[in-house]
Amino acid sequence: MSSATNPVIIQSDRSVLLEVHNPLYEEARDTLAIFAELEKSPEYIHTYRITPLSLWNAASSGVSVADVLNGLERYSKFPLPDSVRTEIQQLMGRYGLVKLVREDNKLFLTAEDPLIILEIVRHKEVKPLLGDDDRNDDSQSSSTRAEINPEARGQLKQLLMKLFYPVEDLAGYMAGTPLPMAWRTDNSESEPFALRSYQQEAVATFHQQGSVHGGSGVLVLPCGAGKTVIGMGVMMELQCETLILTTNTSAVKQWLRELTDKTTLDISQIGEYTGGKKEICPVTVATYQILTHRSRVDGNFSHFHVFNEKNWGLIIYDEVHLLPAPVFRATADLQAKRRLGLTATLVREDGKEDEVFTLIGPKKMDVPWKILESQGWIATAECMEWRIPMSKARRMDYALAEEKEKFRLAAENPLKSDKVSELIERHRDDLVLVIGQYVRQLEMLACELDAPLITGKTPQRERDRLYEEFRSGRLRRLVVSKVANFAIDLPDANVAIQVSGTFGSRQEEAQRLGRILRPKQGESKAYFYSLVTKDTKEQEFAMHRQLFLTEQGYAYKIMIEENLE
DNA sequence: CAAATCGAAA
DNA sequence: GAGAATTCGATTTG
């Protein structure tokens, strides 16, 4: 029961504070993870929130109201507020009022209380999603069930969630065509391959719960945590034909490489479905882009047939936070397939996280960056923001500029280049990436630093040559544009200097930090510098970008450069 | 026929 | 609220 030495404080707004350095931290964390969302994880106190969605997700994996209340009471410093207790009972009680069942290959919504079914079938947005069965007619108003259109299974669940009737989906998953596979043991590299402990845990968490409930979900893992390996781990468990969706062709190549390298699957069993090749094999890797492509003639999606081409038993969504809206809709129709979403950050600047949860599945596991850092899988990072002044003349220009030009004026502040040179000098023996947003600015910097520049227009051969030199250490500094956000073949560095970035994108910041967090031999210490112009809009945007990293527990040191005039 | 180039899309 | 990168299909080129 509650005791002052416990690690948790529960507030009446359903937020939960957890002390990280308390001896009961780990137990309490594992308990909270079951029914609350981790919102912030700075160094000393983590914040969780109990939301309707998080409670329903818990309920869907078999957790009861009593489990939640006991869990909270066990670790709380103070007695549980009554309002919180009541709300939890109320909210969780709604889960399962409506069930989705399969009978003779038809899908039905059922409820014990006919009034609930009546309320639902009368709802004007629900109506078009029901089966055309005439039993759904108003004359049958005392019915405890209603037939639905199987294609609308996802859409309907989404809609009912909004109406506060979270559906207990008992209709199950299709197993998909079986495909035997195993990890390769005869690997050409001498080290035998093994899943890291948290990777194993992730696979188990996804797979564990019964076949009805445990079929879909999202795993949140930092960059460099080995997402493809975990995806393959899940494939090993399910042993079935799999469709893998990624953001771009280099990610496709990466999956293909890893699959051939680490599994017993034969090359003939692995296919690439992109602009270049159109193979459909028992394991197929495709880009989101090709799926969203519409025919020029009739405006229809020309490649959606991939979803139905084979009897997929598992669909893996790589970087699920980038899932485009049309694929969302297609996915809504695929509720009978097992779905695995992989992502480093479940933040979407468009706030569609809830849709990911409803259509792909609940978040099954969240590995905070700091945990990986403490286990030595990623490097420790020092983040620093330098605030650079503008020249008098530029300050004048800035003051007179149109609102929309201001950001660019601030971002391209030429005084930044002095600081870049200084930082490069300080890291003479390190591998340094200079990352920026505007090609013009980068061209100037590259010239001053006498370092090569890589932008979108740089031909692949040129890129490969530069990457190679950088990897070998002959080349110690590289200026890159936004290609850095996507190019996964970019070699690892241990210092990044960001001279400009997009309007406050948290994702981008995370990705760029991820670039330098791969552990290196010897001292695994990384430096991340962000250069912003003092007292401008840029400074505000930088603040927003950093939010995610602050949430993950990284502290920014702020350094202010004085005006020279 | 494959590689290189181009414009459109989102 | 704007600029950069990417990708796809079509067209041209060797």
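Residues numbered from 1 in each chain as written. Chains lettered and ligands numbered in written order. Predicted model: local features only at pLDDT ≥ 70, side-chain atom pairs only at ≥ 80, totals over all residues. Heavy atoms only, no water.

Attention now moves to the packing of helix α3 (residues 65-75) against helix α4 (residues 82-94). Taken N-terminus to C-terminus, the directions of α3 and α4 make an angle of 155 degrees; their axes are 10 Å apart at the nearest point. Taken together, α3 and α4 sit at an angle that is classed as roughly antiparallel. As α3 runs across α4, the sense of the crossing is right-handed. On α4, the residues touching Val-65, Val-68, Leu-69, Leu-72 and Glu-73 of α3 are Arg-85, Ile-88, Gln-89 and Met-92. (Axes fitted to C-alpha atoms, helices over the stretch in contact; angles between N-to-C directions. Helix = DSSP H or I, 4+ residues; strand = E, 2+ residues; numbered from the N terminus. Parallel < 35°, antiparallel > 145°, perpendicular 65-115°, else oblique. Left-handed = near helix turned anticlockwise from the far one by under 90°. Contact = heavy atoms within 4.5 Å.)

A full pass over the atoms with the stated rule returns 32 salt bridges. Residue Arg-49 pairs with Glu-39 through a salt bridge whose shortest N-O separation is 2.9 Å. Note that Arg-49 is positioned in strand β4 (residues 45-49) and Glu-39 in strand β3 (residues 37-40), a separation of 10 residues in sequence. Exposure remark for Arg-49: the relative accessible area of 26% places this residue in the partly exposed category. Under the relative-accessibility criterion, Glu-39 is labelled partly exposed at 36%. Note that Glu-462 and Arg-465 form a salt bridge whose closest N and O atoms lie 3.3 Å from each other. Note that Glu-462 and Arg-465 are positioned in helix α19 (residues 460-472) at a spacing of three residues, about one turn of the helix. For Glu-462, a relative accessible area of 33% gives the class partly exposed. By relative accessible area, which is 42% here, Arg-465 ends up partly exposed. One salt-bridge network, held together by shared partners, links Lys-419, Glu-422, Arg-426 and Glu-561. (Salt bridge = Lys/Arg side-chain N within 4 Å of Asp/Glu carboxyl O. Buried < 20%, exposed > 50% of the residue type's maximum accessible area, 1.4 Å probe, protein only.)

Here we take up the domain arrangement of chain A. Taken domain by domain, chain A comprises domain 1 (8-94), domain 2 (98-170), domain 3 (197-373) and domain 4 (379-560). Each of domain 1 and domain 2 was reduced to a C-alpha centroid, and the two centroids are 31 Å apart. With five residues of domain 1 at the contact, the number on the domain 2 side is five residues. Both faces considered, domain 1 and domain 2 share a buried interface measuring about 500 Å² in area, 71% of it formed by carbon and sulfur atoms. (Domains from an automatic or database assignment. Buried area = accessible area lost by both parts, 1.4 Å probe.)

All right, on to helix α7 (residues 197-208) then. The end-to-end C-alpha distance of α7 is 16 Å, a good match for the 16 Å that 12 residues give at a rise of 1.5 Å each. When we look at burial in α7, the residues that qualify are Tyr-198, Gln-199, Ala-202, Val-203, Thr-205 and Phe-206. Projected down its long axis, α7 carries its buried residues within an arc of 160 degrees, all on one side. Seen from the buried face of α7, the exposed residues on the opposite side, beyond 90 degrees, are Ser-197 and Gln-208. Close packing links the buried residues of α7 with β9 (216-220), α8 (227-238), β14 (338-343), β15 (363-366) and α14 (369-374). (Expected span 1.5 Å × (residues − 1). Arc of directions from axis to C-beta.)

Overall, parallel pairing links the seven strands, which are arranged β11-β12-β10-β13-β14-β9-β15 in an open sheet. With one partner strand each, in any of the chains shown, β11 (270-273) and β15 form the two edges of the open sheet. For this sheet the average axis-to-axis angle between neighbouring strands, irrespective of direction, equals 15 degrees. The pairing of β9 with β15 spans three bridges and is classified as parallel. Paired with Val-220 across the strands is Asp-366, a residue of β15. Along the sheet, α7 contacts β9, β14 and β15; its crossing angle with β15, the most-contacted strand, is approximately 165 degrees. (Pairing = 2+ DSSP bridges.)

What follows deals with the protein's contact with DNA strand C. With respect to spatial proximity, 21 residues lie near DNA strand C, and among them Asn-248, Thr-249, Ser-481, Lys-482 and Phe-503 are the closest. Here a phosphate oxygen of DNA strand C sits 2.9 Å away from a polar atom, N or O, in the side chain of Thr-287. Class assignment of the residues belonging to the surface near DNA strand C gives a composition of four nonpolar, 12 polar and five charged. (Near = heavy atom within 4 Å. Polar contact = N/O pair within 3.5 Å; in protein donor to acceptor, adjacent residues only side chain to side chain. Nonpolar A, V, L, I, M, F, W, Y, C, P; charged D, E, K, R; others polar.)

The strand order β1-β2-β4-β3 describes an open sheet built from four strands, whose pairing is antiparallel. Each of the sheet's edge strands pairs with one partner strand only, and the pair in question is β1 (8-10) and β3. Neighbouring strand axes in the sheet, compared pairwise and without regard to direction, differ in orientation by 30 degrees on average. The pairing of β1 with strand β2 (residues 15-19) spans three bridges and is antiparallel. Residue pairing for β2: Ile-9 is matched across the bridge by Leu-17.

On to the packing of aromatic side chains, then. A full pass over the atoms with the stated rule returns seven aromatic pairs. Taken together, Phe-301, Phe-304 and Phe-307 form an aromatic cluster joined through their ring pairs. The positively charged end of Arg-145 is found above the aromatic ring belonging to Phe-108, 3.9 Å away from the centroid. Just above the ring of Tyr-398 sits the side chain of Lys-406; from NZ or CZ to the centre is 5.2 Å. (Phe/Tyr/Trp six-rings, centres within 6.5 Å; stacked < 30°, edge-to-face > 60°. Lys NZ or Arg CZ within 6 Å of the ring centre and 35° of its normal.)

Take the nonpolar core next. Generally speaking, nonpolar side chains in soluble globular proteins are found buried as a group. Met-235, Leu-259, Leu-513 and Tyr-554 are the most contacted members of the largest nonpolar core, which has 64 residues in total. Take this core: its biggest share by element is seven residues, from α8. When we break this core down by domain, the ones giving at least three residues each are domain 3 (197-373) and domain 4 (379-560). If sequence neighbours within four positions are ignored, Leu-513 has contacts with Trp-369, Ala-381, Cys-383, Phe-528, Leu-549 and Tyr-554. Among the nonpolar cores identified, the runner-up in size contains 28 residues, and Tyr-273, Ala-286, Leu-291 and Leu-346 belong to it. (Core = buried A, V, L, I, M, F, W, Y, C linked by side-chain atoms within 4.5 Å.)

Running from amino to carboxyl end, helix α17 (residues 416-426) crosses helix α18 (residues 439-449) at an angle of 45 degrees, the nearest separation of the two axes being 11 Å. It follows from the interaxial angle that α17 and α18 lie oblique. For the crossing formed where α17 meets α18, the hand is right-handed. Residues Lys-416, Ser-417, Val-420, Ser-421 and Ile-424 of α17 lie in contact with α18, whose contacting residues are Gln-441, Leu-445, Glu-448 and Leu-449. Here the contact of α17 with α18 is composed, by residue class, of four nonpolar, three polar and two charged.

Now for the environment of Glu-443. Turning to its location among the elements, Glu-443 is positioned in helix α18. C-alpha of Glu-443 to C-alpha of Val-479: the two residues are 36 residues apart in sequence and 8.5 Å apart in space.

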